[in-house]
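For reference, the chains in residue letters:
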Amino acid sequence: MLVAILSSLEPAREGAACPRAFLQVAGRTVLDWQAQVALELGCERIVCLTQTISPQVIALQHRVERAGHRFHTIRDRLGLAALVTAADDVLVLADGLLPLDREAVRGLAERRGILTLPAEQAVPAGFERIDRDRAWAGAMRCGGAEVEKLAELAEDVDLLSALMRIAIQTGRPLIAVGNPALAPDSWLILDNVAAARATGRRMVAQRTRPSPWSAPGRALVDRLLLLRGESLIGHPRTAQASLALLVTGLVLALVSAGAGWIGTALVLVALAGAAARTGEVVAGFRASGEQVPYRGGEAARAAIDAALVAVAALSASASLWTSRVYPMLLLVGLVRLAALMRSGPAGALADDRIALILLLAGAAAAGWLEPALQFLTLAVLAVLLLRGARSRLTRA
């Protein structure tokens, strides 16, 4: 069994009233980032060294157990030795380590060893020196037999550092990960709030690409999110909140349409579109680090498109079906087709439901919804026809 040993014992510097492991990076604690890496490497059990059962530790325990793995908290070396047997493999991540360099971590996926960095650069960055030329990179994989030897040491020993030294004495290989692992935000020791916040901001900026202004609705939502990116985009509950807002907005839109408030209903659908875009950005941020593709955006767009047609149908009398419902259905279909067939600015604009719906809401408030539907439908159709004509000329 592969067991991960994490720690929340070391205090943060500069007056922070929490351990290093609880520093927030892009809405998640360092301990949470470490647990994610451990689970990706196949750890079936996570053991956390801690002095108190804090809310952060409890929240992490719930997430790990929901994923089908086991989670334990211990205080000292005797508790650690009781949980790990000689037959186990042990993954160790140092207190405060933010191990986001996937290539470096994969070096421990199949073999035992101790990751090292050049001491000249690593020691000033907070990593522990091994010898004159090398420093411990804060991650290693060893056997359970090394953990059992901790019971022979003094009570006040630094457990992870001692375990690393025992692994070296046992003959575990030193695996150099090189200078690239010292790149900002990919492999570093965090020990203060300012560094954690700066790292979170850079991480969000690197992983999140805002939409171009050719899709104004999506671009505006993206940039509003980036204003609070380090605390909002990476937060585990942001995706859940955006889904709840999406569903709530669509339900209220249908109720408003049934009451005859077409303008209000369209604004609510636009807000639901903003919530869907928030969920898409959050999922994209996570996927860029976890290598997991996100497929929820298309489902959200389909729900919004269906809600648009339903809003038109619920708010229309029998005499308005031909001038409101059918054009709305045709517009939605053409916009989806345009988004599939064309890239670049035109494709981005066609895929921007927020801007389209707000335009329709403004037209509805002015009493021009039906003419606006007809005009937009003809405009999208003209773009598609022009594209088809250009394609034929290019082939000729």
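Our structure is the block above this text.
Throughout, residues of each chain are indexed from 1 in the direction in which the sequence is written. Only residues with pLDDT of at least 70 get local features here, since the model is predicted, and only at 80 or more are side-chain atom pairs given and counted; chain-wide, interface and lining totals rely on the full set of residues. In computing side-chain properties, one takes all heavy atoms of the structure into account and sets aside hydrogens as well as water.

Asker: What exactly am I supposed to notice about the overall build of the protein here?
Answerer: Strands are runs of DSSP state E lasting at least 2 residues, helices are runs of H or I lasting at least 4, and numbering of each runs from the N terminus. For the protein, the count of helices and strands is 17 helices and 11 strands. Put simply, the protein has 396 residues, and 50% of those count as buried. The contact definition used throughout considers only heavy atoms, calling two residues in contact when any of these lie within 4.5 Å. Put simply, 73% of the contacts in the protein that link residues at least 6 apart link residues at least 24 apart. Each accessible area is a Shrake-Rupley estimate made with a 1.4 Å probe; only the visible protein chains count as cover when residues are assessed. In the structure as shown, the protein presents an accessible area of about 18500 Å², 61% of it carried by carbon and sulfur atoms. Buried means the residue's accessible area, taken with a 1.4 Å probe over protein chains only, is under 20% of the maximum for its type, while exposed means over 50%, and partly exposed covers the values in between.

Asker: Quick question: what am I supposed to make of the pairing of strand β4 (residues 45-49) here?
Answerer: Successive residues of a regular strand alternate their side chains across the two faces of the sheet. Counting buried positions along β4 gives five out of five residues, so the element sits mostly inside the fold. Of the two faces of β4, both are covered, the one formed by Arg45, Val47 and Leu49 as well as the one formed by Ile46 and Cys48. Two strands pair under a simple rule: DSSP has to find at least two bridges between them. Pairing geometry for β4 and strand β5 (residues 70-74), over five bridges, is parallel. Bridge pairing in β5 links Leu49 to Ile74. A clockwise path from the first strand over the helix to the second, with the strands pointing away from the viewer, defines a right-handed crossover. Each parallel crossover has a hand, and for β4 linked through helix α2 (residues 55-66) to β5 it is right-handed.

Asker: Please explain the nonpolar core as it appears in this structure.
Answerer: It is characteristic of soluble globular proteins that their nonpolar side chains tend to be buried jointly. Here the nonpolar core consists of buried residues drawn from Ala, Val, Leu, Ile, Met, Phe, Trp, Tyr and Cys, with membership extended through side-chain atoms lying within 4.5 Å. If you look at the biggest cluster of nonpolar residues, it comprises 59 residues, and the most contacted ones within it are Ile5, Trp136, Met140 and Trp187. With seven residues, the top contributor of residues to this core is helix α7 (residues 159-170). Membership of the second largest hydrophobic core comes to 38 residues, among which are Val311, Met328, Leu373 and Val380.

Asker: Sorry, what's going on with the sheet that holds β5 here?
Answerer: Through backbone hydrogen bonds, the strands of a sheet pair up, either in parallel or in antiparallel fashion. Pairing is mixed across the open sheet formed by seven strands, whose spatial order is β5-β4-β1-β6-β9-β8-β10. At either margin of the open sheet sits one strand with a lone partner, and together these are β5 and β10 (174-176). Neighbouring strand axes in the sheet, compared pairwise and without regard to direction, differ in orientation by 25° on average. As judged from the three bridges shared by strand β8 (residues 113-118) and β10, these two strands associate in the parallel manner. The residue of β10 that forms the bridge with Ile114 is Leu174. As a rule, the C-alpha atoms of each element are fitted with a line to give its axis, helices using only the stretch in contact, and angles between N-to-C directions run from 0 to 180 degrees. Contacting β1 (2-7), β4 and β6 (89-93), helix α1 (residues 30-40) runs over the sheet at an angle of about 170° to β1. This element, α7, spans β1, β4, β6, β8, β9 (134-143) and β10 of the sheet and lies at about 75° to β9.

Asker: So what exactly am I meant to see when it comes to the packing of aromatic side chains here?
Answerer: Between two aromatic rings, the relevant description is the distance of the centres plus the angle of the planes. The criterion for an aromatic pair is that two Phe, Tyr or Trp rings (for Trp, the six-membered ring) have centres within 6.5 Å, with stacked assigned to planes under 30 degrees apart, edge-to-face to planes over 60 apart and tilted to the rest. Per the stated rule, a full pass over the model turns up zero aromatic pairs. Only lysine NZ and arginine CZ atoms are considered, and such an atom sits over a ring when it is within 6 Å of the ring centre and within 35 degrees of the ring normal. If you follow Arg28 out to its NZ or CZ, it ends over the ring of Trp33, 4.3 Å from the centre.

Asker: Whenever I open this one, the pattern of salt bridges confuses me. Can you help?
Answerer: Side chains carrying opposite charge are able to pair once their charged atoms draw close together. Whenever a carboxyl oxygen of Asp or Glu lies within 4 Å of a side-chain nitrogen of Lys or Arg, that contact is scored as a salt bridge. In the structure shown here, the tally under the stated rule is 16 salt bridges. Where Glu280 meets Arg277, a salt bridge forms, and the shortest distance between an N and an O atom there is 3.5 Å. Here Glu280 pairs with Arg277, and both are found in helix α12 (residues 262-290), just three residues apart, close to one helical turn. Of the two residues examined, Glu280 and Arg277, each falls in the buried class. As a salt-bridge pair, Arg336 and Asp305 come within 2.6 Å of each other at their nearest N and O atoms. Of this pair, Arg336 sits in helix α14 (residues 321-341) while Asp305 sits in helix α13 (residues 296-315), and the two are 31 residues apart along the sequence. Residue classification places Arg336 among the partly exposed residues on the basis of a relative accessible area of 27%.

Asker: Where do I start with the pairing of β9 in this structure?
Answerer: Across the 10 residues of β9, nine count as buried, placing the element largely inside the fold. With five bridges connecting them, β6 and β9 associate as antiparallel partners. Note on β9: the bridge partner recorded for Val92 is Met140. Of the strand pairs in this sheet, β8 and β9 are connected by five bridges, and their pairing is antiparallel. Its bridge partner being in β9, Leu117 is matched across the sheet by Ala135.

Asker: What exactly am I supposed to notice about the side chain of Thr278 here?
Answerer: Within the element layout of this structure, Thr278 appears in helix α12. Here Thr278 is in contact with Val221, Leu225, Thr238 and Ser242, once residues within four sequence places are set aside.

Asker: What is the right way to read the side chain of Arg141 from this model?
Answerer: Of note, Arg141 is situated in strand β9. Exposure remark for Arg141: the relative accessible area of 11% places this residue in the buried category. Any N or O atom pair separated by 3.5 Å or less is treated as a polar contact, with the protein-specific requirement of one donor-capable and one acceptor-capable atom, and with residues adjacent in sequence counted only for side-chain atom pairs. Of note is the side chain of Arg141, whose polar atom sits 2.9 Å from the side chain of Asp89. In contact with Arg141, not counting residues within four places along its chain, are Leu2, Asp89, Val90, Leu91, Leu108, Ala109, Glu110, Arg111, Arg112 and Gly113.

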